[in-house]
Amino acid sequence: MNVLPKGVRHIPGHLGRREQEDLVEDVRSVVRAAPLFQPVMPRSGKPLSVKMTNCGELGWVADRSGYRYQARHPDSGEVWPPIPERLLKLWKEVSGHDAPPEACLVNFYSETAKMGLHQDRDEEDFTAPVVSVSLGDDCLFRVGERDRDGRTTSIKLRSGDVVILGGEGRLSFHGVDRIYPSTSTLLKNGGRINLTLRRVTKPA
DNA sequence: AAGTTTCG
DNA sequence: TAGT
């Protein structure tokens, strides 16, 4: 019986179809304002397979210089568009955290995209959880513990699912091993969108 | 360093 | 630029 690591919560089907469609509209408008860019590995410049953008006061970027949060789009130099209301509402529903999210990373996975096992650790504040929303095709999500060599568990994430990494689970290693093409009709061109809401700065 | 590969 |  494979249980999720402590502090990792999976809420299958948290969002209904209509809410998912509304969120896709929100994402479309974010992408219009802040076009997807191709993140690359620090130093090597090797591209990640996902495309990404952000909304919120801060956005996560990856380039040859490193990983960091910044207030502006790396290509356009524009500030990121605001986090859509319905994501702020979702955060209030599930995060158990008073302060609103400062960053929402938008990752787009093509049929072949993956994300290696990693920690979300570029934030200054680990007291707030990470809240993530899946839209579109199913994926195989793998989650472990705070140490890279800890036990890992794989679960299938479907469109409308929410995953929360909080408390002991805040620094859990996690990644996406594969996308299951054509498993959702939410996105016309297929693929998967992941939205990740985070606090970045230290609490006052 | 959030890659890839391999493994679990 | 994750519908035309």
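In this text the structure is predicted, and so the values were computed from the model without any measurement. Within any chain, residue numbers begin from 1 and follow the written order of that chain's sequence. Chain labels run from A onward and ligand labels from 1 onward, assigned in the order the entries are written. A pLDDT threshold of at least 70 governs which residues receive local features in this predicted model, and a stricter bar of 80 or more applies before side-chain atom pairs are shown or counted, although totals over entire chains, interfaces and linings include all residues. Note that the side-chain values use all heavy atoms of the structure and ignore hydrogens as well as water.

A. Inspection of the packing of aromatic side chains at higher detail. Any Phe, Tyr or Trp ring, taking Trp's six-membered ring, that has another such ring centre within 6.5 Å forms a pair; planes under 30 degrees apart are called stacked, those over 60 apart edge-to-face, and the others tilted. Within this structure, the stated rule accounts for two aromatic pairs. A centroid spacing of 6.3 Å and a plane angle of 35° characterise the contact between Phe37 and Trp80, whose relative ring orientation is tilted. Note that Phe37 is positioned in the loop between α1 (17-33) and β2 (51-56) and Trp80 in the loop between β4 (66-70) and α2 (85-94), a separation of 43 residues in sequence. The exposure class of Trp80 is buried, given its relative accessible area of 5%. With 5.1 Å between their ring centres and 35° between their planes, Trp60 and Tyr67 make a pair best called tilted. In this scheme, Lys NZ or Arg CZ marks a charge over a ring once it lies within 6 Å of the ring centre and within 35 degrees of the ring normal. When the ring centre of Tyr180 is taken as reference, the NZ or CZ atom of Lys156 above it lies at 4.2 Å. We note Arg192 situated over the ring of Tyr109; from NZ or CZ to the ring centre the distance is 5.2 Å. Secondary structure follows DSSP: runs of H or I at least 4 residues long count as helices, runs of E at least 2 residues long count as strands, and numbering of each begins at the N terminus. With a 1.4 Å probe rolled over the protein chains alone, any residue whose accessible area is under 20% of its type maximum counts as buried; one over 50% counts as exposed, and the rest are partly exposed.

B. Spatial organisation of the pattern of salt bridges. Any Lys or Arg side-chain nitrogen located within 4 Å of an Asp or Glu carboxyl oxygen qualifies as a salt bridge. With the rule as written, the count across this model stands at 13 salt bridges. Linking Arg170 and Glu123 is a salt bridge whose minimum nitrogen-to-oxygen distance equals 2.9 Å. Taken as a pair, Arg170 in the loop between β10 (162-165) and β11 (174-179) and Glu123 in the loop between β6 (115-118) and β7 (130-136) lie far apart in primary sequence, 47 residues in all. Residue class for Arg170 comes out buried when judged on its relative accessible area of 2%. Judged by relative accessible area, which is 6%, Glu123 ranks as buried. A salt bridge links Asp177 to Arg142; the nearest nitrogen and oxygen atoms lie 3.0 Å apart. Placement of Asp177 in strand β11 and of Arg142 in strand β8 (residues 139-143) is noted, with a sequence separation of 35 residues between them. Classification of Arg142 by relative accessible area gives partly exposed; the value is 24%. Members of the salt-bridge network, linked through shared partners, are Arg18, Asp22, Asp26 and Arg86.

C. Looking closely at the protein's contact with DNA strand C. Residues in contact with DNA strand C, as listed here, are Val24, Arg28, Val31, Arg32, Pro35, Leu36, Val106, Phe108, Leu187, Lys188, Asn189 and Ile193. One heavy atom within 4 Å of a molecule or strand is enough for the residue carrying it to be called near that molecule or strand. Sugar and phosphate atoms represent 42% of those atoms of DNA strand C found within 4 Å of the protein. In protein, a polar contact requires one atom able to donate a hydrogen and another able to accept it; more generally it is a pair of N or O atoms within 3.5 Å, and residues adjacent in sequence count only if both atoms are side-chain atoms. A distance of 2.4 Å separates a phosphate oxygen of DNA strand C from a polar side-chain atom of Arg28. Between DNA strand C and Lys188 there is a distance of 3.0 Å, counted from a phosphate oxygen to a backbone nitrogen or oxygen. Broken down by secondary-structure element, the contributors of at least two residues to the surface near DNA strand C are α1 and β5 (103-109). The leading source of residues in the surface near DNA strand C is α1, at four residues. Of the residues that constitute the surface near DNA strand C, the class distribution is eight nonpolar, one polar and three charged. Residues are grouped as follows: Ala, Val, Leu, Ile, Met, Phe, Trp, Tyr, Cys and Pro are nonpolar; Asp, Glu, Lys and Arg are charged; every other residue, Gly included, is polar.

D. Local environment of the sheet that holds β8. One bridge is not enough; two strands pair if DSSP finds at least two bridges between them. Strand order in the open sheet formed by four strands is β6-β11-β8-β9, with antiparallel pairing between adjacent strands. Either end of the sheet is taken by a strand with one partner, and the two such strands are β6 and β9 (153-157). The average angle at which neighbouring strand axes cross in this sheet is 25°, direction not considered. Pairing analysis gives two bridges linking β6 to β11, with the strands arranged antiparallel. When the bridges of β11 are listed, His118 appears paired with His174. Between the N-to-C directions of two axes lies an angle of 0 to 180 degrees, each axis being a line fitted to C-alpha atoms and, for a helix, fitted only over the stretch in contact.

E. Highlighting the UniProt feature "binding site: 2-oxoglutarate" (unreviewed entry) in chain A. UniProt positions are given in the numbering used here, feature names are shortened, and annotations may be inferred rather than shown by experiment. Per the UniProt record, "binding site: 2-oxoglutarate" (unreviewed entry) is found at Asn107, Phe108, Tyr109, Arg192, Ile193, Asn194, Leu195, Thr196, Leu197 and Arg198. Looking only at the residues we just named, the largest pocket is lined by Asn107, Tyr109, Arg192, Asn194, Thr196 and Arg198. You can see Asn194 is positioned in strand β12 (residues 192-198). Every residue pair with non-hydrogen atoms within 4.5 Å of one another is taken to be in contact. If sequence neighbours within four positions are ignored, Asn194 has contacts with Leu105, Val106, Asn107, Tyr109, Ser132, Val133 and Ser134. In this structure the side chain of Asn194 is engaged in a polar contact, spanning 3.3 Å, whose partner is the side chain of Ser132. Residue classification places Leu197 among the buried residues on the basis of a relative accessible area of 0%. Excluding residues within four positions of it along the chain, Leu197 makes contact with Ile83, Leu87, Leu90, Trp91, Pro101, Ala103, Cys104, Pro129, Val130 and Val131. Space inside and on the surface of the protein is sampled on a 1 Å grid over the protein atoms alone, with a cavity defined as a set of points where a 1.4 Å probe fits but cannot get out and a pocket as an open set with protein on both sides within 12 Å along at least 5 of 7 lines; lining residues have an atom within 4 Å of a point.

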